[in-house]
Amino acid sequence: MKKVLSGMRPTGRLHLGHYLGVIKNWLQLQEKYECKFFIADWHALTNKYKETDQLKENVRQMIIDWLSCGIDPEKATLFVQSGVKEHAELALLFSMITPKSWLELNPSYKDLKFNLYYQYMRDFLAGKQIKIILTPPPESFDQALEKATGKQKNKIFEEYLREAFHRAFYNQKGIDFKWLKETLMRFGIQKKIVEEVVRNLEEGDVGKDIDTLGFLAYPVLQAADILIYKADAVPVGEDQLPHIELTREIARRFNNLYDQIFPEPEALLTEESKLPGIDGRKMSKSYNNAIYLSDDRETVNRKVLEMKTDPQRVRRTDPGNPDVCIVFEYHNIFTDSETVSDIDKKCRKAEIGCVDCKKILAENLNSFLDPIRERRKEIEKDIPKYEKVLQEGTEKARAVASETMVEVRKAMKLWEF
Ligand code: SF4
């Protein structure tokens, strides 16, 4: 039977985006394959090494979330990465044979840096009362830049801001701060504010947290996580494909240098969840726009009522457009198809109001979450039981990992103590 390995970083309670993007897939995988699912607490340290107060609690919440959703320890091995020290030993040995350039060229390293810088710039501008408008801009970035005169003081479309930073960041010469400065000013942001944010980016501490060996080398640890169990397949989103390729290259290099120990795992491409947060941006804890699997009924009702709808629909009598409405995106997933097409029709003719539409959604979301909440209540009551699940799973994983390490040490002609 195919061996599948997958992990999640314990960064907090799981939300609907995690459910749709990861857990739903795991529920199917555990029925078909020999699965190992792990809580990647060492990986959580790669960029959050200063914030360890919540780490243990996050691990606890993660296993409770998994079990509440139906991830079954009888079908899959569930364990904590730091409980299997062999991952670290293999990562160290892999780091000896991995050329530095393989890591520096890793696209997700650069992307994460981009996101950190961009988020800083966005938050800084928002803090200076620059209005960041979330609805899509009316024209393309290039057309808007051509027309830009700097008259629209203190507001900018999120997409233009992102595009400007993207062009400044991804070019041959490193970040082109001069161009970024000029462009932001052309879009109407005051010179003083632009100069301050760009200076902070150039000289400040942004991104320093990921200027560590641990962060640069985390794909090596990831390769060890996968190869130590000789996994045949790893479920990943498209953005993770370069990591799997790197894992395969490390496996090949090891096998060529020492002995044929590691299979080259294949990527099981899984679709990333497209479900937006309640404000329309990507669902994320840091945007404070997520609906959590552990939210109670009242919280879900409140969050659904806060959701953005068709921005053009101002009055109840205005016809709406479900194609641009976040509430409708949720209906497409959580509401039966007959009701969805009914809402579609009625919304376009202004025969249903947004509040009523949201009430239907809140009810459906709650019906979806009820069984998860029920199981959570039961699991939370029995602490020794879920701790035992992790304990036993970790021991089971360790047994497999130590067998691989015996082979590895032998192949590398290391002492076996
Ligand atoms: S009626 Fe529903 S689908 Fe239409 S705009 Fe309002 S919330 Fe969106």
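For the structure itself, consult the block above.
Only a predicted model underlies this, so the values are computations on that prediction, with no experimental measurement involved.

Reading guide: rules and limits
- Residues numbered from 1 in each chain as written.
- Predicted model: local features only at pLDDT ≥ 70, side-chain atom pairs only at ≥ 80, totals over all residues.
- Heavy atoms only, no water.
- Core = buried A, V, L, I, M, F, W, Y, C linked by side-chain atoms within 4.5 Å.
- Buried < 20%, exposed > 50% of the residue type's maximum accessible area, 1.4 Å probe, protein only.
- Domains from an automatic or database assignment.
- Contact = heavy atoms within 4.5 Å.
- Salt bridge = Lys/Arg side-chain N within 4 Å of Asp/Glu carboxyl O.
- Helix = DSSP H or I, 4+ residues; strand = E, 2+ residues; numbered from the N terminus.
- Near = heavy atom within 4 Å.
- Nonpolar A, V, L, I, M, F, W, Y, C, P; charged D, E, K, R; others polar.
- Polar contact = N/O pair within 3.5 Å; in protein donor to acceptor, adjacent residues only side chain to side chain.

Caption draft 1: Seen up close, the nonpolar core. Counting residues in hydrophobic clusters, the biggest one holds 56 residues, and the most contacted among them are Leu-16, Ile-23, Ile-63, Trp-66, Leu-78, Tyr-330 and Leu-365. The residues that make up this core include at least three from each of domain 1 (3-98 + 217-274 + 383-411) and domain 3 (295-381). Each residue touching Leu-16, except ones within four places of it in the same chain, is listed here: Leu-275, Met-283, Ile-291, Leu-293, Tyr-330, Phe-334, Leu-365, Phe-368 and Leu-369. One finds Leu-5, Val-234, Ile-244 and Phe-254 within the second-largest nonpolar core, a separate group that totals 40 residues.

Caption draft 2: Region of interest: the pattern of salt bridges. For the coordinates displayed, the defined rule picks out 35 salt bridges. A salt bridge links Glu-306 to Arg-302; its shortest N-O distance comes to 3.2 Å. Taken together, the residues span about one helical turn, with Glu-306 and Arg-302 both in helix H14 (residues 297-306) at a distance of four residues. Taking the relative accessible area as the measure of exposure, Arg-302 reaches 45% and is therefore partly exposed. The partner of Arg-348 in a salt bridge is Asp-323, with the nearest N and O atoms 3.2 Å apart. Of this pair, Arg-348 sits in helix H16 (residues 337-348) while Asp-323 sits in the loop between H14 and helix H15 (326-334), and the two are 25 residues apart along the sequence. Residue classification places Asp-323 among the exposed positions, given a relative accessible area of 57%. Connected through salt bridges with shared partners, the residues Glu-245, Arg-248, Arg-252 and Glu-264 form a single ionic network.

Caption draft 3: Structural context of the site of the ligand. All residues in the neighbourhood of the ligand are listed as Thr-309, Asp-310, Arg-313, Cys-325, Val-327, Phe-328, Cys-347, Cys-354 and Cys-357. Mapped onto the shell around the ligand, the elements with two or more residues apiece are H15 and helix H17 (354-381). Considered class by class, the residues forming the shell around the ligand number six nonpolar, one polar and two charged.

Caption draft 4: Spatial organisation of the side chain of Thr-98. One can find Thr-98 in the loop between helix H4 (86-97) and helix H5 (100-104). With a relative accessible area of 10%, Thr-98 lands in the buried category. Polar contacts involving the side chain of Thr-98 include one to the main-chain carbonyl oxygen of Phe-94, which spans 2.7 Å.

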